[in-house]
Protein chains: 2
Amino acid sequence: MLKIAMAQMEVIPGHPDQNTATILRMIQQAKDQHADIVIFPEMAVPGYLLGDTWEQPSFIRDCESYGRDIIAAAQGIVVMFGNIAADWEKKNNDGRVRKYNAFFTAQDGELVQPDGMPYPFIIKTLMPNYREFDDTRHFFSLQKLARELGTTPASLLSPLTLHIGSEYYSVGCLLCEDGWSDDYELSPLDVLSDNDRVDFYVNISASPYTLGKNNKRNRVFGAQAAEKQAPLFYVNCIGLQNNGKTVYTFDGSSTAYNAQGRIVYTAPSYEENLELVELDAMDDMPDASPIAEPEIAHIYHMLHYGIHRFLENIHMKKVVIGISGGIDSAVAAALYNDVLGPENLLLVNMPSVFNSETTKGLSQQLAENLGCNYMIVPIQHSVDHTIEQLESTPVTLLRDGKEQHLQVSSFIAENIQARDRSARVLAGAAAAFGGGFTCNANKAETTVGYSTLYGDQSGFLAALADLWKHQVYELAHYLNDVVYGREVVPQGIIDIVPSAELSSAQNVDEGKGDPIKYPYHDYLFRSFIERWQKATPEDVLTWYTEGTVEENLGCEPGLVAKYFPTPADFIADLERWWNLFCGMAIAKRIQAPPILAVSRRAYGFDHREAQNGPYYTRRYRELKEQLLSK
Amino acid sequence: MLKIAMAQMEVIPGHPDQNTATILRMIQQAKDQHADIVIFPEMAVPGYLLGDTWEQPSFIRDCESYGRDIIAAAQGIVVMFGNIAADWEKKNNDGRVRKYNAFFTAQDGELVQPDGMPYPFIIKTLMPNYREFDDTRHFFSLQKLARELGTTPASLLSPLTLHIGSEYYSVGCLLCEDGWSDDYELSPLDVLSDNDRVDFYVNISASPYTLGKNNKRNRVFGAQAAEKQAPLFYVNCIGLQNNGKTVYTFDGSSTAYNAQGRIVYTAPSYEENLELVELDAMDDMPDASPIAEPEIAHIYHMLHYGIHRFLENIHMKKVVIGISGGIDSAVAAALYNDVLGPENLLLVNMPSVFNSETTKGLSQQLAENLGCNYMIVPIQHSVDHTIEQLESTPVTLLRDGKEQHLQVSSFIAENIQARDRSARVLAGAAAAFGGGFTCNANKAETTVGYSTLYGDQSGFLAALADLWKHQVYELAHYLNDVVYGREVVPQGIIDIVPSAELSSAQNVDEGKGDPIKYPYHDYLFRSFIERWQKATPEDVLTWYTEGTVEENLGCEPGLVAKYFPTPADFIADLERWWNLFCGMAIAKRIQAPPILAVSRRAYGFDHREAQNGPYYTRRYRELKEQLLSK
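Definitions and cut-offs
Residues numbered from 1 in each chain as written. Chains lettered and ligands numbered in written order. Predicted model: local features only at pLDDT ≥ 70, side-chain atom pairs only at ≥ 80, totals over all residues. Heavy atoms only, no water. Helix = DSSP H or I, 4+ residues; strand = E, 2+ residues; numbered from the N terminus. Rg over C-alpha atoms; globule rule 2.2 N^0.38 Å. Buried < 20%, exposed > 50% of the residue type's maximum accessible area, 1.4 Å probe, protein only. Contact = heavy atoms within 4.5 Å. Lys, Arg positive; Asp, Glu negative; His and termini not counted. Charge placed at Lys NZ, Arg CZ, Asp CG, Glu CD. Buried area = accessible area lost by both parts, 1.4 Å probe. Salt bridge = Lys/Arg side-chain N within 4 Å of Asp/Glu carboxyl O. Polar contact = N/O pair within 3.5 Å; in protein donor to acceptor, adjacent residues only side chain to side chain. Nonpolar A, V, L, I, M, F, W, Y, C, P; charged D, E, K, R; others polar. Pairing = 2+ DSSP bridges. Least-squares fit on C-alpha atoms with pLDDT ≥ 70 in both. Phe/Tyr/Trp six-rings, centres within 6.5 Å; stacked < 30°, edge-to-face > 60°. Lys NZ or Arg CZ within 6 Å of the ring centre and 35° of its normal. Axes fitted to C-alpha atoms, helices over the stretch in contact; angles between N-to-C directions. Parallel < 35°, antiparallel > 145°, perpendicular 65-115°, else oblique. Left-handed = near helix turned anticlockwise from the far one by under 90°. Arc of directions from axis to C-beta. pLDDT = per-residue confidence, 0-100. Right-handed = clockwise from strand over helix to strand, strands pointing away. Expected span 1.5 Å × (residues − 1).

### A closer look at the overall build of chain A
Next up, step 1: Looking only at helices and strands, chain A features 22 helices and 22 strands.
Next up, step 2: Here the C-alpha atoms of chain A give a radius of gyration of 28 Å, agreeing with the 25 Å that 2.2 N^0.38 yields for 630 residues.
Next up, step 3: Taken over the C-alpha atoms alone, chain A extends approximately 90 × 60 × 60 Å along its principal axes.
Next up, step 4: For chain A, buried positions account for 66% of its 630 residues.
Next up, step 5: When contacts within chain A are restricted to residue pairs at least 6 apart in sequence, long-range pairs at least 24 apart make up 72% of them.
Next up, step 6: On chain A, the mean spot of the 52 positive side-chain charges and the mean spot of the 81 negative ones are 6 Å from each other.

Written as structure tokens, this is what we have:
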């Protein structure tokens, strides 16, 4: 009756001391519950997303040292855990010490030697090198090691034999991507099962949350267990890790699949959890598939956890939000209020002459609904002073003494307002309140840089910047209907036309607002960034000629005809946004705050960008010419 | 008499149309000069640093299409060039189309098929995956292809046979990193020479400028030619490419090494250049090694080119610089003035009550020396208004109606001043002047975040952020002595104590200034970032116990004893800066402007960081305890 404990721990990236303390505590818990084996996640000691901290030899030695403590603690129990492993005699291709992403198994205070491996640990075979992943930058793969040794990965990879009590168990050990081999020429799972009998598989992971990934994993891993007719234990960490610009939650959701591929256990998401599963009982355990929830519920849980942990990490206890009476700041306010409580939240409304009574009233209403701190700081005096000062101060060309005066256009004045709000009022108010201020940009605005740098583009975190505008509205409904159970985001804010209110051309009471037509542009922009095969104007124009734009974008049918009477209109719109997406928006994203990642492609380190300006392919130019000459 | 033309072209990243036009023009030039072969750089068609643009299938197809134009133009001349190559039937490990970083050779309008290769082009073998390089993210290496085909790289890699006139030539073709194989298990150069006779080698590169790299390359490549007793043609591009946060110049410096490894030709750096070298004449050509220049001359040339091309790329013709009377902004002003001319430069001095007559006078002097545009915009009124507004506006906790008032401390007021200058005055003035404003931070400040976000940390480009403070001073001297030949940066600015002048505690006339002791901290901070084996407090404290701190850091001897009378002082200083380096400074760098890369390690994409907070290893804590208990 082998008892396997799945230790879904929080991993603190870059803090092996804290992680080792957690591991030692959970080993004791597992022993107290008479577990035979306890399994910890991939990179449980160092953390996973560490940037170039891997280039510090002292950090690597420190992780090795804590690893020895864990090995020593493996008394009366088998401990499986992920850690960095170094071979100080060998080099990586960057000339630095050889490092492996490794799977350690310890028993009786010693490491269990895997058959065929030249080291007392198992090495990750498949190295993800897309999205936020940089494994190949730091870790030497099993495939490269095999090449170096003049052998094949298959000859190095075999099930680990565990001797527990009087029994021998053959365990297929995998590290995260090793279980996602569809696009690789090698399947570690197949190699393991080809070589030997496998009693069960263990996949230790450090798998960041992505909307929809858990469903896919349950299909893929369930099928693996069923195909191999052996149980599979997936142990993932919880926590928050980041690559600077992009912040990922790790939801855990550790899962046990039985030999039929059925889910017999799912750990609660975003919670530390130690669960014992009896190997022999798995066939008879009831179905434990996660309860299906709407996407927006997942998004809410992820954002709540992400905001909460991010604030803890940077030791921030209070938050200031500039609220405009629009949907993005209102949803941000309701979210942060939910995380921090009203006493730690300060909402600031900063009207100018362009702000309507409507939005000022809605702001007040939002703050009252939440019961949080509120202040009104008008900006008109400061904005007027800035414009007056810039226009009245002489600019002297000292070479010849000629004087000129700067002219502040209405467009420049719009940006002056936005910066006055954020860099003057909010930054000062946040410091005095004892916290930071938020960036409330959504993903559509972020895509095309519909924002002001050092203005509404600034803040300590952009929690909503991986949500399209339609998802922000869904979140507003979810917060009202489910989280609060009452109208905290006023219906008026949900109903009003989205507008920056920075000029009389953006008068909400006259229905004037943003130039972004969200029901269409949300989806157009999504095709630029989230499609695995990224779309460019060539693709979009090809769909236009075929009449399949809405179908390919996934938006409501009929929008193209509604918004763009002629091909020239369609093309002008497409180029306008593509130029911004590849132009000023990149410059703004380079200086934007960290983003909480939700989707399969978030801005920042997940989607790497160069400031190279817009480009149109030859085929695009041909298509355009054909369409315009008709 | 084989004539080989080395086409050192400017590559515009992400613009295959422009690059192809350049290539076609230079092919014609080479033909006009009766060249037999013309060689273009690596990735000459698409550019090299493109971020995830490689994930757009339409962009890849476009590059293929332009590649066909180049192949068709190879009439009466052999054209060697770098381009992306796709195999639309196969996949990369990310599931996207298979892409190779490829070396094409065209003759008589067709590609020359390399022996052993399954494609009509040569594939890059070694994939740099450190610093700014992300090759493995996008390109499938020859090694991976060999593994997939069940063969060895050596069986795929052999010299290319060219039939020119009545002669056959055997050419060893290499792509950039293929010539830097020291840390790899395979040397493409050795494989090529083992298989066959090689008449000459060609290394096509896209090699970003790094201080000192050219000297190293001349040693390494010269030795390769001498060892193989065959000439080597190194063809690199010029231009500016970026990874968003980090901006690289490409200096060209294309070089011909003869069969003795001697340099017989060096192309001028940062200039388009087509040079013909006669293969048979190389033994008798005179030495053409680049003239040794001081480092600061290289830095100046690189910055001048980088600033110039960056401004062109973003179509910016005018620049605003806030000048304080300190060294960083003065050097920035002299540099930009040199690039743009005084009529396109506006210097703005923004005094508060804390700014001394000394620095105000020095600012005026600097502007007069340059003869550029100048304005003085005092900030005290606006700062006072902001503080008054924040302190007098009631903050109401709406839950219970309780009121409080925010308090603006003197520290908060310092940041209010910095933001008032940048986000209010400079951003507004730059927009009205028709340009952008600069960030003048140096690398020491950038390391520890000694700056204000949305204040002096902001701007469109941080041109000096990869220079240590002592390099900024060297640059001031170089600008005065060599570039201008007169004192443009006033001696008073060079002599004055560095100070932010944001409070009375930073009074320059009383000799008070920055908390950073540059003669020591420049070198301490450098050890955190630029050492290939990155140092941490554990290493520094180990050196301290050994008495080898200055030796290991490379700073002046005696500084440790001078600045830190006791171990406790030394440790307090070390931890103060390490905490900032790993803490707030990362948050600031995430939102910092793009940086021009000079050194072997620049902030940004070159040095990847996670916001994980400071960490001290177990060994560090032991050492500290030993030192403090003495």
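### With respect to the interface of chain A and chain B
Next up, step 1: Contact residues are listed per partner, giving 116 residues for chain A and 116 residues for chain B.
Next up, step 2: Across the interface of chain A and chain B, roughly 10,100 Å² is buried in total on both sides, 50% from carbon and sulfur atoms.
Next up, step 3: Counting every contact that joins chain A to chain B gives 16 salt bridges.
Next up, step 4: The salt bridge partner of E55 of chain B is R601 of chain A, with a shortest N-O separation of 2.6 Å.
Next up, step 5: The interface formed by chain A and chain B contains 75 residue pairs in polar contact (both at pLDDT 80 or more).
Next up, step 6: In terms of residue class, the side of chain A that touches chain B is built from 48 nonpolar, 37 polar and 31 charged.
Next up, step 7: As judged from the 2 bridges shared by strand β18 (residues 373-376) of chain A and strand β19 (residues 395-397) of chain B, these two strands associate in the antiparallel manner. Bridge pairing in β19 of chain B places Y374 of chain A opposite T396 of chain B.

### Quick word on the relation of the copies chain A and chain B
Next up, step 1: Overlaying chain A on chain B yields an RMSD of 0.0 Å, the required transformation being a rotation through 180 degrees with an accompanying axial translation of 0.0 Å. Within this description, the copies of the chain are treated as partners about a two-fold rotation axis. Identified as the residue of chain A closest to the rotation axis by C-alpha distance is Q591 of chain A, at 2.0 Å.

### Comments concerning the packing of aromatic side chains
Next up, step 1: Taken as a whole and assessed by the stated rule, the structure comprises 68 aromatic pairs over all chains.
Next up, step 2: Here F81 of chain A and F104 of chain A contribute two aromatic rings whose centre-to-centre distance is 5.3 Å and whose plane-to-plane angle is 15 degrees, an arrangement assigned as stacked. Placement of the pair is F81 of chain A in strand β3 (residues 78-91) and F104 of chain A in strand β4 (residues 97-107), with a sequence separation of 23 residues.
Next up, step 3: On the basis of relative accessible area, F81 of chain A is assigned to the buried category, the value being 1%.
Next up, step 4: Exposure remark for F104 of chain A: the relative accessible area of 8% places this residue in the buried category.
Next up, step 5: Geometrically, the ring pair formed by Y48 of chain B and F133 of chain B is tilted, given 6.2 Å between the ring centres and 40 degrees between the ring planes. Of the two residues, Y48 of chain B sits in the loop between β2 (37-39) and α2 (57-73) while F133 of chain B sits in the loop between β6 (122-123) and α3 (135-138), which places them 85 residues apart along the sequence.
Next up, step 6: Taking the relative accessible area as the measure of exposure, F133 of chain B reaches 10% and is therefore buried.
Next up, step 7: Of note, R98 of chain A hangs over the ring of F140 of chain A, and the distance from its end group to the ring centre comes to 3.5 Å.
Next up, step 8: Cation over ring: K318 of chain A sits above F433 of chain A, and NZ or CZ is 4.9 Å from the ring centre.

### A closer look at the sheet that holds strand β12 (residues 246-251) of chain B
All names here are of chain B.
Next up, step 1: Strand order across the open sheet formed by 3 strands is β11-β12-β22, with mixed pairing between neighbours. Single-partner strands in this sheet number two, and they are β11 (238-242) and β22 (595-596).
Next up, step 2: Most of the contacts of helix α8 (residues 295-313) go to β11, to which it runs at about 65 degrees, and overall it touches β11, β12 and β22.

### Describing the packing of helix α16 (residues 518-529) of chain B against helix α20 (residues 567-581) of chain B
Residues and elements named next belong to chain B.
Next up, step 1: Closest axis-to-axis distance for the α16/α20 pair is 12 Å, and the angle between their directions is 55 degrees. Looking at the two axes, α16 sits oblique to α20. Two packed elements cross with a definite hand, and for α16 against α20 that hand is right-handed. In this structure, α16 uses Y520, H521, L524, F525 and F528 to contact α20, whose residues at the interface are F570, D573, L574, W577, W578 and F581.
Next up, step 2: Here the residues of the contact of α16 with α20 sort into 9 nonpolar, 1 polar and 1 charged.

### What to know about the side chain of S158 of chain A
Residues and elements named next belong to chain A.
Next up, step 1: Locating S158 in the fold gives a position in the loop between α5 (153-156) and β7 (160-164).
Next up, step 2: By relative accessible area, which is 14% here, S158 ends up buried.
Next up, step 3: Here the side chain of S158 touches D115 through a polar contact of 3.0 Å, landing on its backbone oxygen.

### Description of helix α22 (residues 618-628) of chain B
Residue and element names in this part refer to chain B.
Next up, step 1: Residues of α22 that are buried include every one of Y620, L623 and L627, and no others. Looking straight down α22, one finds that the buried residues subtend no more than 65 degrees of arc, so they occupy a single side.
Next up, step 2: The secondary structure elements touched by the buried residues of α22 are α17 (537-546) and α20.

### Focus on the confidence of the model for chain A
Next up, step 1: Mean pLDDT for chain A: 97, with 100% of residues reaching 70 or above.
Next up, step 2: Of the two predicted TM-score estimates for the complex, the pTM is 0.97 and the ipTM is 0.97.

### Let's talk about the pairing of β18 of chain A
Residues and elements named next belong to chain A.
Next up, step 1: For strand β17 (residues 345-349) and β18, the ladder comprises 4 bridges, and the chain directions are parallel. Among the inter-strand pairings, V348 is bridged to a residue of β18, identified as M375.
Next up, step 2: Taken together, β17, helix α10 (residues 357-370) and β18 constitute a β-α-β crossover, and its handedness is right-handed.

### Digging into the pattern of salt bridges
Proximity of charged atoms lets side chains of opposite charge pair with each other.
Residues and elements named next belong to chain A.
Next up, step 1: According to the stated counting rule, one finds 69 salt bridges over all chains in the structure shown.
Next up, step 2: Where R309 meets E10, a salt bridge forms, and the shortest distance between an N and an O atom there is 2.3 Å. In this pair, R309 is assigned in helix α8 (residues 295-313) and E10 in the loop between β1 (3-8) and α1 (16-32), connecting sequence segments 299 residues apart. The same class applies to R309 and to E10, which are both buried.
Next up, step 3: Two residues, D606 and R131, come together in a salt bridge whose shortest N-O distance is 2.5 Å. Taken as a pair, D606 in the loop between β22 (595-596) and α22 (618-629) and R131 in the loop between β6 (122-123) and α3 (135-138) lie far apart in primary sequence, 475 residues in all.

### A short note on the side chain of S527 of chain B
Residue and element names in this part refer to chain B.
Next up, step 1: Its location among the elements puts S527 in helix α16.
Next up, step 2: Classification of S527 by relative accessible area gives buried; the value is 2%.
Next up, step 3: With near-sequence residues (within four places) excluded, S527 lies in contact with K534, A535, V540 and L553.

### Some words on helix α11 (residues 380-392) of chain A
Next up, step 1: Counted at 1.5 Å a residue, the expected span for α11 of chain A with its 13 residues is 18 Å, and the 18 Å between its end C-alpha atoms agrees.
Next up, step 2: On its buried side, α11 of chain A packs onto α12 (410-433) of chain A together with β18 (373-376), α11 (380-392) and α12 (410-433) of chain B.

### Overview of the pairing of strand β7 (residues 160-164) of chain B
All names here are of chain B.
Next up, step 1: In β7, alternate side chains face the same way, and those of L160, L162 and I164 are buried while those of T161 and H163 on the opposite face are not.
Next up, step 2: Where β7 meets strand β8 (residues 167-175), 5 bridges bridge the pair, whose relative direction is antiparallel. Within β8, the residue paired with L160 across the bridge is V171.
Next up, step 3: Hairpin connection from β7 to β8: 2 residues lie between these consecutive antiparallel strands, with G165 at a positive phi of about 60 degrees.

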